[in-house]
Structures are given as structure tokens and as C-alpha cells.
Amino acid sequence: MPADFFPPRPAVTPKIYAYEDTHPQYAGLLKVGYTTKSVQERVAEQYPTAWPGEPPYRIVLEEPAIRSDGTFFTDREVHKMLRINGIPNLGGEWFRC
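No experiment lies behind these values; they were computed from the predicted model shown.

1. Observations regarding the nonpolar core
Y17, Y19, L29, V39, V43, Y47, Y57 and W94 together form the largest nonpolar core, which totals eight residues. Of all elements in the fold, only β1 (15–21) and α1 (39–45) reach the threshold of two or more residues within this core. Each residue touching W94, except ones within four places of it in the same chain, is listed here: Y19, D21, Y26, L29, L30, K31, P88 and N89. Counting six residues, the second largest nonpolar core, distinct from the first, contains I16, V32, A65 and F73.

Have a look at this one:
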């Protein structure tokens with residue numbers, strides 16, 4: 001069997017994450033996302049303005065987006081399962097939890 005029959009896997013580890021914005025208007029909401037970079041880096045990209053002190057968010061979930069058979073899944077599949085289980089979606093990737 002040729003050595004390149006099974007191509008090497010990419011050197012990324014996809015992740016599912018959830019975070020809450022600490023601004024009072026977002027109380028009780030979680031944003032669920034997917035990234036192939038660090039979760040901290042990805043969430044910080046969503047807050048491009050520099051701020052003094054603590055970041056205006058708190059990461060509450062960071063898990064590999066890999067099934068037990070080695071295949072990947074994305075946040076879209078997580079969003080679908082949240083809706084199926086009755087978690088209200090408030091638009092985009094925000095869910096009331």
C-alpha cells in the first residue's frame with residue numbers, strides 16, 4: 001500500500017466553546033462557537049477594542065469538537081441540538097441558558 005494512501009491529519013484541534021458576556025444586557029445568555037485556534041484567541045477577536053481590567057466575557061466551556069470515531073463537528077450541530085432540546089435561540093449563536 002502506498003505511504004500516501006492515508007493522508008496525514010491536519011495539526012489542528014477543533015474546539016467547541018461557549019462564553020458569556022459580562023455586560024448586564026447579556027445576563028443569562030451564552031454564545032456558542034467553533035474554532036481551530038485557541039478559544040481565548042477566538043473570543044478576544046470578537047472584542048476588538050482594548051479594555052482596561054478584566055475582559056468583558058467569561059469562557060464557560062472549551063471542549064474538543066471531535067467525536068469518538070475521530071470525525072469533527074461544528075457549532076452548527078451544537079446549535080441544532082440546543083434548539084431540539086428546547087434551549088431558546090436569540091439569533092445567531094446566542095442562547096438563553
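2. A closer look at the side chain of T35
Along the polypeptide, T35 turns up in strand β2 (residues 29–35). Classification of T35 as buried rests on a relative accessible area of 5%. Here K37 takes part through its backbone nitrogen, which lies 3.1 Å from a polar atom of the side chain of T35.

3. A word on the environment of G33
Mapped onto the elements, G33 comes out in strand β2. Separated by 15 residues in sequence, G33 and A18 place their C-alpha atoms 6.3 Å apart.

4. Examining the pattern of salt bridges
Pairing between side chains of opposite charge can happen when their charged atoms approach one another. Per the stated rule, a full pass over the model turns up five salt bridges. Between E45 and K37 there is a salt bridge whose closest N-O contact spans 2.6 Å. Three or more residues joined by partner-sharing salt bridges are found here, namely K37, R42 and E45.

5. Comments concerning the sheet that holds β2
Read from one edge to the other, the open sheet built from four strands follows the order β3-β1-β2-β4, with strand pairing classed as antiparallel. Two strands in the sheet have a free side with no partner beyond their single neighbour: β3 (57–64) and β4 (94–96). Pairs of neighbouring strands in the sheet enclose a mean axial angle of 25°, with direction left out of account.

Cut-off values and rules
- Residues numbered from 1 in each chain as written.
- Predicted model: local features only at pLDDT ≥ 70, side-chain atom pairs only at ≥ 80, totals over all residues.
- Heavy atoms only, no water.
- Core = buried A, V, L, I, M, F, W, Y, C linked by side-chain atoms within 4.5 Å.
- Buried < 20%, exposed > 50% of the residue type's maximum accessible area, 1.4 Å probe, protein only.
- Helix = DSSP H or I, 4+ residues; strand = E, 2+ residues; numbered from the N terminus.
- Contact = heavy atoms within 4.5 Å.
- Polar contact = N/O pair within 3.5 Å; in protein donor to acceptor, adjacent residues only side chain to side chain.
- Salt bridge = Lys/Arg side-chain N within 4 Å of Asp/Glu carboxyl O.
- Pairing = 2+ DSSP bridges.
- Axes fitted to C-alpha atoms, helices over the stretch in contact; angles between N-to-C directions.

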